[in-house]
Amino acid sequence: MYVAPVKNGKFNNQEGYIINTKEVKRTAINTMCTLEQRGNLFFLTLTGDDEHRFGPTLMESIRSALAQVKSQATPGTALITTAHGKFFSNGLDLAWAQAAGAPSFRDRLSHLLDCFKPIVADLLSLPMPTIAAVSGHAAAAGFLLAISHDYVLMKKERCVLYMSELDIGLTFPDYFMAMLKSKISDPAARRDVMLGAKKVKAEEAVRMGIVESAHDSAESTVEAARRLGQQLTGRKWHGEVYAEIRKAIHSEVCGLLGLTHRAVVAPRL
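What counts and what doesn't
- Residues numbered from 1 in each chain as written.
- Predicted model: local features only at pLDDT ≥ 70, side-chain atom pairs only at ≥ 80, totals over all residues.
- Heavy atoms only, no water.
- Helix = DSSP H or I, 4+ residues; strand = E, 2+ residues; numbered from the N terminus.
- Buried < 20%, exposed > 50% of the residue type's maximum accessible area, 1.4 Å probe, protein only.
- Areas by Shrake-Rupley, 256 points an atom, 1.4 Å probe, with all protein chains shown as cover.
- Pairing = 2+ DSSP bridges.
- Axes fitted to C-alpha atoms, helices over the stretch in contact; angles between N-to-C directions.
- Right-handed = clockwise from strand over helix to strand, strands pointing away.
- Core = buried A, V, L, I, M, F, W, Y, C linked by side-chain atoms within 4.5 Å.
- Left-handed = near helix turned anticlockwise from the far one by under 90°.
- Contact = heavy atoms within 4.5 Å.
- Nonpolar A, V, L, I, M, F, W, Y, C, P; charged D, E, K, R; others polar.
- Phe/Tyr/Trp six-rings, centres within 6.5 Å; stacked < 30°, edge-to-face > 60°.

(A) Fine view of the overall build of the protein. Within the protein one finds eleven helices and ten strands. Expressed as a percentage of the 269 residues in the protein, the buried residues total 51%. A total of about 12500 Å² of accessible surface is found on the protein, and carbon and sulfur atoms cover 51% of it.

Following this line, the structure appears as structure tokens:
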């Protein structure tokens, strides 16, 4: 991976962990990341007003939440991921990567990418439908987190999808590239996103086929995600069958993530 010099910037380095909740009850230990279950819907929320950058602790927390969701999956459950504040996620925690000085930056950046990779794998192998309710900016790894879900819903105003790597001097990891190719089918749209570093607003993202629908507010985006989740859970699909079909659809990225495909027979006739 080629890494061009990165200018110093203002980044947040927040840490947190997932808490266990049942139904609509939760006990907040900090304000970084929460998981709760509302009926058949799991809500994973990045909380607070920071940029929700992915550092080692936050990524471990997200993985813990996804493991908990997987362990409680039943036919007719779904996951909705959302975030509070101006950002869905502004990508990897580059401040953490820079904190040890220039000689260690490349190693720390590689470590972050290695830690983020299993999150994508967890989402692609999760035995239920997944929905990202994007009500703030989603940049770089934040963009990738969003499109690692089956459906993306997005707020219209003050909200963009942005692959910033070209602007900050980074190449794309192989699994980033494979996911972007799998999720953005139009060559011109892929060019604009990856070779143009285009900041894509919701309605244009709908036209590009990246986003399902655009909404007027954060609240209406999450509410639309909830309605979609209810529709999907009503089908009561077999989770393992759903996950294996998803992995087959995204076979290239799954190969890079080390996910294998297997046949599952769960007849409902």
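Next comes the rest of the description.
(B) View of the sheet that holds strand E10 (residues 213-215). Across the sheet, six strands lie side by side as E1-E2-E3-E5-E7-E10; this open sheet has mixed pairing. Single-partner strands in this sheet number two, and they are strand E1 (33-38) and E10. Taking each pair of neighbouring strands and ignoring which way they run, the sheet shows an average axis angle of 20°.

(C) Region of interest: the pairing of strand E3 (residues 78-83). Judged by how many residues are buried, E3 sits mostly within the fold: six of six residues are covered. Residues Ala78, Ile80 and Thr82 of E3 are buried on one face, and the alternating residues Leu79, Thr81 and Ala83, pointing to the opposite face, are buried as well. Sheet analysis places strand E2 (residues 41-46) next to E3, joined by six bridges and oriented parallel. Bridge pairing in E3 links Leu44 to Thr81. In the classification by handedness, the crossover that spans E2, the intervening helix H1 (residues 56-71) and the parallel E3 is right-handed. Of the pairings in the sheet, the one linking E3 to strand E5 (residues 130-134) comprises three bridges and is parallel in character. Looking at the pairing, Thr81 lines up with Ala132 of E5.

(D) Main features of the nonpolar core. Core analysis: the largest hydrophobic core is formed by 66 residues, its most contacted members being Phe116 and Ile210. Looking at this core element by element, the count peaks at ten residues for helix H3 (residues 102-124).

(E) Region of the structure containing the sheet that holds strand E8 (residues 160-162). Overall, mixed pairing links the four strands, which are arranged E4-E6-E8-E9 in an open sheet. Each having just a single partner strand, strand E4 (87-89) and strand E9 (200-201) make up the two edges of the open sheet. Summarising the sheet, E8 and E9 pair through two bridges and their orientation is antiparallel. Bridge pairing in E9 links Leu161 to Val200.

(F) Quick peek at the packing of H3 against helix H6 (residues 174-183). Interaxial distance between H3 and H6 falls to 10 Å at its minimum, and their mutual angle equals 35°. Viewed along their axes, H3 and H6 form a crossing whose handedness is left-handed. Along the contact surface, H3 presents Leu113, Phe116, Lys117, Val120 and Leu124, while H6 presents Tyr175, Phe176 and Met179. Classifying every residue of the contact of H3 with H6 gives seven nonpolar, no polar and one charged.

(G) Representation of the packing of aromatic side chains. A complete count under the given rule lists four aromatic pairs for this structure. Residues Tyr175 and Phe176 carry aromatic rings whose centres are separated by 5.1 Å and whose planes lie at 75° to one another, so their mutual orientation is edge-to-face. Assigned by exposure class, Tyr175 and Phe176 land together as buried. Aromatic rings pair up to connect Phe54, Phe116, Tyr175 and Phe176 into one cluster.

(H) Representation of unusual backbone geometry. One non-glycine residue, His52, adopts positive backbone phi at about 55°. Turning to its location among the elements, His52 is positioned in the loop between E2 and H1. Given the relative accessible area of 0%, His52 is considered buried. One non-glycine residue, Lys236, lies in the positive phi region at around 50°. Looking at the secondary structure, you find Lys236 in the loop between helix H9 (218-233) and helix H10 (239-249).

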